[in-house]
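Coordinate inspection notes
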Amino acid sequence: QVQLDESGGGLVQAGGSLRLSCAASGRTFSSAVMGWFRQAPGKEREFVAAISRWGDTDYADSVKGRFTISRDNTNSIVYLQMNSLKPDDTAVYCCAVKTRAGPDDPYNYAYWGQGTQVTVSS
């Protein structure tokens, strides 16, 4: 069993930055692919970024060059550094563990955290 706890969200002006953290408990963290997803009101949950146990990363086209995912396996934390934020980035951001092979689709992830709200004002 894995439990995930996100933090670091808040209200920021367009162009600003935030760093989200996802603290994990459980023995599988160091070997798992970890992902960040977001869900805006009235929209489906969408993939943001993922990182493998070796540090290989993948990003949604909408955040490439602006967001950076990283992980600290010693302390079981995954980070999402978000720069040059836009109003369209406003959403609840959640982290999750990839439990099935395949694309970075929410259906291949599990153990979702409660999420942290990010609001970007124009």
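Because the structure is a prediction, the values reported are computed rather than measured. (Residues numbered from 1 in each chain as written. Predicted model: local features only at pLDDT ≥ 70, side-chain atom pairs only at ≥ 80, totals over all residues. Heavy atoms only, no water.)

What to know about the packing of aromatic side chains
Each aromatic ring pair is described using two quantities: the centre-to-centre distance and the angle formed by the ring planes. The following threshold applies: The pairing test for Phe, Tyr and Trp rings, Trp by its six-membered ring, is centres within 6.5 Å, and the orientation test on the planes gives stacked under 30 degrees, edge-to-face over 60, and tilted for anything in between. The criterion is that NZ of a Lys, or CZ of an Arg, lies within 6 Å of the ring centre and within 35 degrees of the ring normal, and then a charge sits over that ring.
Tallied over the entire structure, the rule returns four aromatic pairs. Their ring planes at 45° and their centres at 6.5 Å tell us that Tyr109 and Trp112 sit as a pair that is tilted. Put simply, the rings of Phe37, Phe47, Tyr109 and Trp112 pair up and form one aromatic cluster. Directly above the ring of Trp112 sits Arg45, whose terminal nitrogen or CZ lies 3.9 Å from the centroid.

Regarding the nonpolar core
Worth spelling out the cut-off: Nine residue types can take part in a nonpolar core, namely buried Ala, Val, Leu, Ile, Met, Phe, Trp, Tyr and Cys, and a core is a set of them joined through side-chain atoms within 4.5 Å. Under the scheme applied here, a residue whose accessible area is under 20% of the maximum for its type counts as buried, over 50% as exposed, and between as partly exposed, the area being computed with a 1.4 Å probe on protein chains only. Note on definitions: a residue-residue contact is assigned when non-hydrogen atoms from the two residues lie within 4.5 Å.
Of all hydrophobic cores here, the largest spans 35 residues; its most connected members are Met34, Trp36, Leu80, Met82 and Tyr93. Excluding its chain neighbours within four sequence positions, the residues that come into contact with Tyr93 are Glu6, Leu20, Trp36, Phe37, Arg38, Val48, Phe67, Leu80, Met82, Gly115, Thr116 and Val118.

Observations regarding unusual backbone geometry
Where we set the bar: Comment: elements are numbered from the N terminus, with helices defined as DSSP H or I runs of at least four residues and strands as E runs of at least two.
Unusually for a residue other than glycine, Ser84 sits at a positive phi of about 50°. The class for Ser84 is partly exposed, based on a relative accessible area of 40%. The residue Tyr111 is not glycine, and still its phi comes out positive at about 60°. Within the secondary structure, Tyr111 is located in the loop between β10 (109-110) and β11 (116-121). Tyr111 sits in the partly exposed class, given a relative accessible area of 34%.

What to know about the state of the cysteines
The line we're drawing: In plain terms, two cysteine sulfur atoms within 2.5 Å form what is called a disulfide here.
Inspection of the entire model under this criterion finds one disulfide. Here Cys22 is linked by a disulfide to Cys95, with a sulfur-sulfur distance of 1.9 Å. Its S-S torsion of approximately 65° makes the covalent link between Cys22 and Cys95 right-handed. Of the two residues, Cys22 is situated in strand β3 (residues 18-25) and Cys95 in strand β9 (residues 91-98); the sequence distance between them amounts to 73 residues. With a relative accessible area of 0%, Cys22 lands in the buried category. By relative accessible area, which is 1% here, Cys95 ends up buried. Note on Cys94: no disulfide assigned, nearest cysteine sulfur contributed by Cys95 at a separation of 7.4 Å.

Let's talk about the sheet that holds strand β7 (residues 67-72)
The cut-off we apply is this: Strands pair, by our definition, only if DSSP identifies at least two bridges between them. Lines fitted to C-alpha atoms define the axes here, with helix axes fitted over just the stretch in contact, and angles between the N-to-C directions of these axes take values from 0 to 180 degrees.
The four strands are arranged β1-β3-β8-β7 in an open sheet whose pairing can be described as antiparallel. Each of the sheet's edge strands pairs with one partner strand only, and the pair in question is β1 (3-7) and β7. Within this sheet the neighbouring strands show an average axis-to-axis angle of 15°, counted without direction. Inspection of the sheet shows β1 paired to β3 by five bridges, in the antiparallel sense. In the sheet register, Ser7 faces β3, and the bridge partner there is Ser21.

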